[in-house]
Amino acid sequence: MGEYWYKRENFEDQIDKFFNESTDPAIVLDYTIGVRDFVTSGNAAAQIKLTLKKLGVDPAILRRTAIAVYEAEINMTAHAQGGELKCNVFPDCVHIVCHDLGPGIKDIEQSMVPGYSTAEDLVREMGFGAGLGLPNIKKNTDLLHIISGEGERTYLEIIIYFE
Amino acid sequence: MKIRELLEALEAEILTPGVDLDLDVTCAFGSDLISDILMCTKEPTMLLTGLTNPQIVRLSDMIDLFGIVFVRGKVPPQEIIDMAIERELPLITTKYTLYRSSGILYNMGLRSCKI
């Protein structure tokens, strides 16, 4: 099993506080992501964006959230056997947890390198598999935490702050 | 550039009914890679692409797309056109390639979107 942590500079304290003080989220949204479902995939990201928009979240934050969640959602349908996506909305941030059904990431560090991809042909033909999924998630989030390994389920969580 | 001018320049056809052809297109981007499109689109952008799967229309739920021009004579299936109509997203098709279409529009003054 491997573990990867990314905390955006200047957000370390806020993130540590988040994990130390477990408070209940104001809104919880749950989604099931199907395997190779390229028709409805993207729904979770779109609905989460809409929910945050109704709460008055800044458009630049909405865009970052939509892109990060969309890439995570596509990863679950394209690379994994689907899984569960949970969105926890707090007053100051959104926390997304993706828990897929495997087969896991062999080398997380390598999968963070832009251009590295293990996507199959079907996925590439649809315009995915550029090897930018995880790098795009990292670029748009304040926290990215991944636990995975070959033959394991992948656990991915992200946090994006509203300010 | 008005949608009407874009249609004429690319000898293109509009696939979604009811679009106001006098709407102004302010910038454009061309790619067949979804991750690139997501990262490079930060303002209302006319997207030129050869991808015709449902995800290309779904992208407009995440980012600000002004419309989509399908190049190389591609026409998406009706259910994808219906998805676009639901989202009031203009869809256009041209026989020209991505390179030729982009060159023509750029020469007419249509700038690249801010990336």
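On a predicted model such as this, the values are computed, not experimentally measured, just so you know.

Asks: Is there a simple way to think about the overall build of chain B in this case?
Replies: From N to C terminus, chain B includes 5 helices and 6 strands. Helices and strands appear in chain B in the N-to-C order α-β-β-α-β-α-β-α-β-α-β. Counting all 115 residues of chain B, 41% fall into the buried class. The long-range fraction of contacts in chain B, counting pairs at least 24 apart against all pairs at least 6 apart in sequence, stands at 53%.

Asks: What am I meant to see in the sheet that holds strand β1 (residues 2-7) of chain A here?
Replies: Pairing between sheet strands relies on hydrogen bonds along the backbone, with the strands arranged either parallel or antiparallel. All names here are of chain A. In space, the 6 strands of this open sheet follow the order β1-β5-β6-β4-β3-β2, with antiparallel pairing throughout. Each edge of the sheet is formed by a strand with only one pairing partner; in this case those strands are β1 and β2 (27-33). Taken over all neighbouring pairs, the strand axes of this sheet differ in orientation by 10° on average, direction set aside. In this structure, β1 lies alongside strand β5 (residues 143-148), joined through 6 bridges in antiparallel fashion. Its bridge partner being in β5, Lys7 is matched across the sheet by Leu143.

Asks: Any chance you could explain the interface of chain A and chain B here in plain terms?
Replies: The figure often quoted for interface size is the accessible area lost as the parts come together. In this assembly, 17 residues from chain A lie in contact with 15 residues from chain B. Ranked by residues supplied to the side of chain A that touches chain B, first place goes to helix α3 (residues 59-78) of chain A with 4 residues. Split into classes, the residues belonging to the side of chain A that touches chain B amount to 11 nonpolar, 4 polar and 2 charged.

Asks: What should I look at first to understand the sheet that holds strand β2 (residues 27-30) of chain B in this one?
Replies: Read across the open sheet, the 6 strands follow the order β1-β5-β4-β3-β2-β6 (chain B); overall the sheet is mixed. The sheet is open, and its two edges are formed by β1 (13-14) and β6 (111-112) of chain B, each paired on a single side.

Asks: Is there a simple way to explain helix α2 (residues 43-54) of chain A in this structure?
Replies: It helps to recall that an α-helix has 3.6 residues per turn; residues three or four apart then point in one direction. Compared with an ideal rise of 1.5 Å per residue, which puts 12 residues at 16 Å, α2 of chain A spans 17 Å between its outermost C-alpha atoms and is within 8% of the ideal. Of the positions making up α2 of chain A, those classed as buried are Ala44, Ala45, Ile48, Lys49 and Leu52 of chain A. For α2 of chain A, the buried positions fall inside an angular range of 130° around the axis, keeping them on one side. Those residues of α2 of chain A that are buried lie in contact with β2, α3, β3 (83-89) and β4 (93-100) of chain A together with α3 (54-62) of chain B. Once α2 of chain A finishes, Gly56 of chain A follows within two positions and takes phi at roughly 85°, a positive value.

Asks: Can you help me understand the confidence of the model for chain B in this one?
Replies: Low pLDDT marks stretches whose predicted atomic positions should not be read closely. Put simply, chain B has an average pLDDT of 96, and 100% of its residues get 70 or more. Overall fold confidence (pTM) sits at 0.94, and the ipTM for the predicted complex is 0.89.

Asks: Can you help me understand the environment of Asp100 of chain A in this one?
Replies: All names here are of chain A. With respect to the helices and strands, the residue Asp100 is situated in strand β4. For the pair Asp100 and Val69, spaced 31 residues apart in sequence, the C-alpha separation works out to 14 Å. Beyond its immediate stretch of four places on either side in the chain, Asp100 contacts Met76, Ala80, Gln81, Gly82, Gly83, Arg153 and Thr154.

Asks: Just checking my understanding: could you explain the environment of Leu91 of chain B for this structure?
Replies: All names here are of chain B. Tracing the sequence through the fold places Leu91 in strand β5 (residues 91-93). Residue class for Leu91 comes out buried when judged on the 23 C-beta atoms lying within 10 Å of it. Residues Leu91 and Pro76, 15 residues apart in the sequence, show an inter-C-alpha distance of 9.3 Å.

Asks: Is there a simple way to explain the packing of α3 of chain A against helix α6 (residues 133-140) of chain A in this structure?
Replies: The packing of two helices is summarised by the inter-axis angle and the distance between the axes. Residue and element names in this part refer to chain A. In the contact formed by α3 and α6, the axes pass within 9 Å of each other and the chain directions differ by 155°. As judged from the angle between their axes, α3 and α6 are roughly antiparallel. The two elements α3 and α6 cross, and the hand of that crossing is left-handed. Seen from α3, the contacting residues are Arg64, Ile67, Ala68, Glu71, Ala72, Ile74 and Asn75; seen from α6, they are Gly133, Asn136, Ile137 and Asn140. Residues of the contact of α3 with α6, tallied by class, amount to 5 nonpolar, 4 polar and 2 charged.

Asks: Could you clarify how one ought to interpret the pairing of β2 of chain B in this entry?
Replies: Every regular strand shows the same layout, with side chains that alternate between the two sheet faces. All names here are of chain B. Here β2 pairs with β6 via 2 bridges, running parallel. For Ala28, the partnering residue across the bridge sits in β6 and is Ser112. Bridge count between β2 and strand β3 (residues 45-49): 3 bridges; the pairing is parallel. When the bridges of β3 are listed, Phe29 appears paired with Leu47. Of the crossover connections in this fold, the one passing from β2 over helix α2 (residues 34-40) to the parallel β3 is right-handed.

Asks: Would you mind showing me how to read the nonpolar core here?
Replies: Soluble, globular proteins show a tendency: their nonpolar side chains are buried together. Membership of the largest hydrophobic core comes to 65 residues, with the highest contact counts inside it found for Val69 of chain A together with Leu59 and Ile68 of chain B. Ignoring anything within four residues of it in the chain, the contact list for Val69 of chain A reads Ala44, Ala45, Ile48 and Ile96 of chain A.

Rules behind the numbers
Residues numbered from 1 in each chain as written. Chains lettered and ligands numbered in written order. Predicted model: local features only at pLDDT ≥ 70, side-chain atom pairs only at ≥ 80, totals over all residues. Helix = DSSP H or I, 4+ residues; strand = E, 2+ residues; numbered from the N terminus. Buried ≥ 20, exposed ≤ 12 C-beta atoms within 10 Å, placed from the backbone. Contact = placed C-beta atoms within 7 Å. Pairing = 2+ DSSP bridges. Axes fitted to C-alpha atoms, helices over the stretch in contact; angles between N-to-C directions. Nonpolar A, V, L, I, M, F, W, Y, C, P; charged D, E, K, R; others polar. Expected span 1.5 Å × (residues − 1). Arc of directions from axis to C-beta. pLDDT = per-residue confidence, 0-100. Parallel < 35°, antiparallel > 145°, perpendicular 65-115°, else oblique. Left-handed = near helix turned anticlockwise from the far one by under 90°. Right-handed = clockwise from strand over helix to strand, strands pointing away. Core = buried A, V, L, I, M, F, W, Y, C linked by C-beta atoms within 7 Å.

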